[in-house]
Amino acid sequence: MEGTPKQPKNCGSLLEELVEKARQQAPGGQVADYIPALAEVDPEHLGIAVVELDGTVHIAGDAHTPFSIQSISKVFGLAIAMQRMDDVLWERVRMEPSGQAFNSIVQLEWEHGIPRNPFINAGAIVIADVLVSHYSASKTAFVQYVRQLSGNPNIHANHRVWESEKEHGNRNAALAYLMKSFGNIESEVPEVLDHYFFQCSVEMSCIDLAKSLGFLANRGVQPGTEQVICDARSAHRINALLSTSGMYDQSGEFAFTVGLPAKSGVGGGIVAVVPDYGVIAAWSPPLNRFGNPTRAVEMVTQFAERLGLSVY
Ligand code: DON
């Protein structure tokens, strides 16, 4: 631990500077187009929000604009599933980095349908199965959960993205049916996929995301409401998984350069948890070859470096 983060004189102007710098940078990749509805997003959007544990909010750029949270939804799904299930969960999904692309299928057959971690697609589909089995209306439960955490009652799924994911979700369907063949999916595959695609298509802004995940920076207690979202051990475990697997097969590099638990999504978002300080959320749609948002990652990297936020 490096101790208490350095407080810049004006955090807001640091964020403005980072957004301005990012605007000058090359996009660093392409907007995700394997889900056609996502390809329509303006690649020039740039936003960042930092929400501290005392509720202080710093923003710059398009921090208020909702975007598709995609794989960031896997963090919320996991937190809900860990609340509903004991350690038996870890017999169905492991806690190791995969070293493979987020939608890879190869490892899954060798490893008997048990995904390496909850943040690759196969793992998130197992978690979706847990939610479908534990709730009569898992999609409603998911949306209510993020609305409550963020304090924003207007959060909703984008139905065009949801439909588009379903139409183009053959790879995810293959992962789900393979796991079903190994007995690692309990509910019917179409219902599980429907939930998974739904949660990916939920839209939140950088501010919503940074507010929602405060409990991970605060040992499971949501700052502001003081509600216990999970116990300290679960918060520790989620952060550990984010550190080792949240940025897919770029997680090692992210730990090496930034040193914060983090999760990205193909909608261009990234959230990074700073224990005992707060949460950073950034958004820029173009993705690098790992599926991580290049300019958003850069803004988080610079912010963490300038404030000395690494947990290592
Ligand atoms: O499963 C998919 O393909 C998407 N709905 C979510 C993937 C994702 O965001 C991966 N992130 N980098």
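Structure: above.
Residues numbered from 1 in each chain as written. Predicted model: local features only at pLDDT ≥ 70, side-chain atom pairs only at ≥ 80, totals over all residues.

### Focus: the site of the ligand
- Around the ligand lies a shell formed by Gln70, Ser71, Phe102, Asn103, Asn121, Glu165, Asn172, Cys200, Ser264, Gly265, Val266 and Gly291.
- Partitioned by chemical class, the residues of the shell around the ligand number three nonpolar, eight polar and one charged. (Near = placed C-beta within 6 Å. Nonpolar A, V, L, I, M, F, W, Y, C, P; charged D, E, K, R; others polar.)

### Comments concerning unusual backbone geometry
- Notably, glutamine 70 is not glycine yet its phi reads approximately 45°, a positive angle.
- Residue placement: glutamine 70 occurs in the loop between strand E3 (67-68) and helix H2 (73-84).
- The phi dihedral of glutamate 226 falls on the positive side, at around 60°, and the residue is not glycine.
- Within the element layout of this structure, glutamate 226 appears in the loop between helix H11 (214-217) and helix H12 (232-245).
- C-beta crowding within 10 Å serves as the criterion here: with 8 such atoms nearby, glutamate 226 is assigned to the exposed category. (Helix = DSSP H or I, 4+ residues; strand = E, 2+ residues; numbered from the N terminus. Buried ≥ 20, exposed ≤ 12 C-beta atoms within 10 Å, placed from the backbone.)

### Considerations on the pairing of strand E2 (residues 57-61)
- A large share of E2 lies buried, amounting to four of its five residues.
- One ladder, built from five bridges, connects strand E1 (residues 47-52) with E2; its direction is antiparallel. In the sheet register, isoleucine 48 faces E2, and the bridge partner there is alanine 60.
- Hairpin connection of E1 to E2: four residues between the antiparallel strands, including glycine 55 at a positive phi of 95°. (Pairing = 2+ DSSP bridges.)

### Some points on the nonpolar core
- Ile48, Ala210 and Val300 are the most contacted members of the largest nonpolar core, which has 101 residues in total.
- Apart from the residues lying within four places of it in its own chain, the contact partners of alanine 210 are Ala49, Val50, Val51, Val271, Val279, Ile280 and Ala281. (Core = buried A, V, L, I, M, F, W, Y, C linked by C-beta atoms within 7 Å. Contact = placed C-beta atoms within 7 Å.)

### Some remarks on the sheet that holds E3
- Spatial ordering of the open sheet is given by E3-E5-E4, a layout of three strands whose pairing is antiparallel. The two strands at the open ends of the sheet, each matched to only one other strand, are E3 and strand E4 (156-157).
- Note: E4 against strand E5 (residues 202-204), two bridges, orientation antiparallel. Residue pairing in the sheet places histidine 156 in a bridge with glutamate 203 of E5.
- Of the strands in this sheet, E4 and E5 are in contact with helix H6 (residues 138-150), which crosses E5 at around 5°. (Axes fitted to C-alpha atoms, helices over the stretch in contact; angles between N-to-C directions.)

### Brief notes about the sheet that holds E2
- Spatially, the five strands line up as an open sheet ordered E2-E1-E8-E7-E6, and their pairing is antiparallel. Two strands bound the open sheet, and with one partner strand each, they are E2 and strand E6 (262-264). Neighbour-to-neighbour, the strand axes of the sheet open up by a mean angle of 10°, direction not taken into account.
- In the sheet, strand E7 (residues 269-274) pairs with strand E8 (residues 278-283) via six bridges, with the strands oriented antiparallel. Following the sheet pairing, valine 271 is matched in E8 by alanine 281.

### Overview of the environment of threonine 301
- Structurally, threonine 301 is set in helix H14 (residues 294-307).
- Expressed as a C-alpha distance, the spacing of threonine 301 and alanine 272, which sit 29 residues apart in the sequence, is 9.7 Å.
- Filtering out sequence-adjacent residues up to four positions away, threonine 301 remains in contact with Thr257 and Val258.

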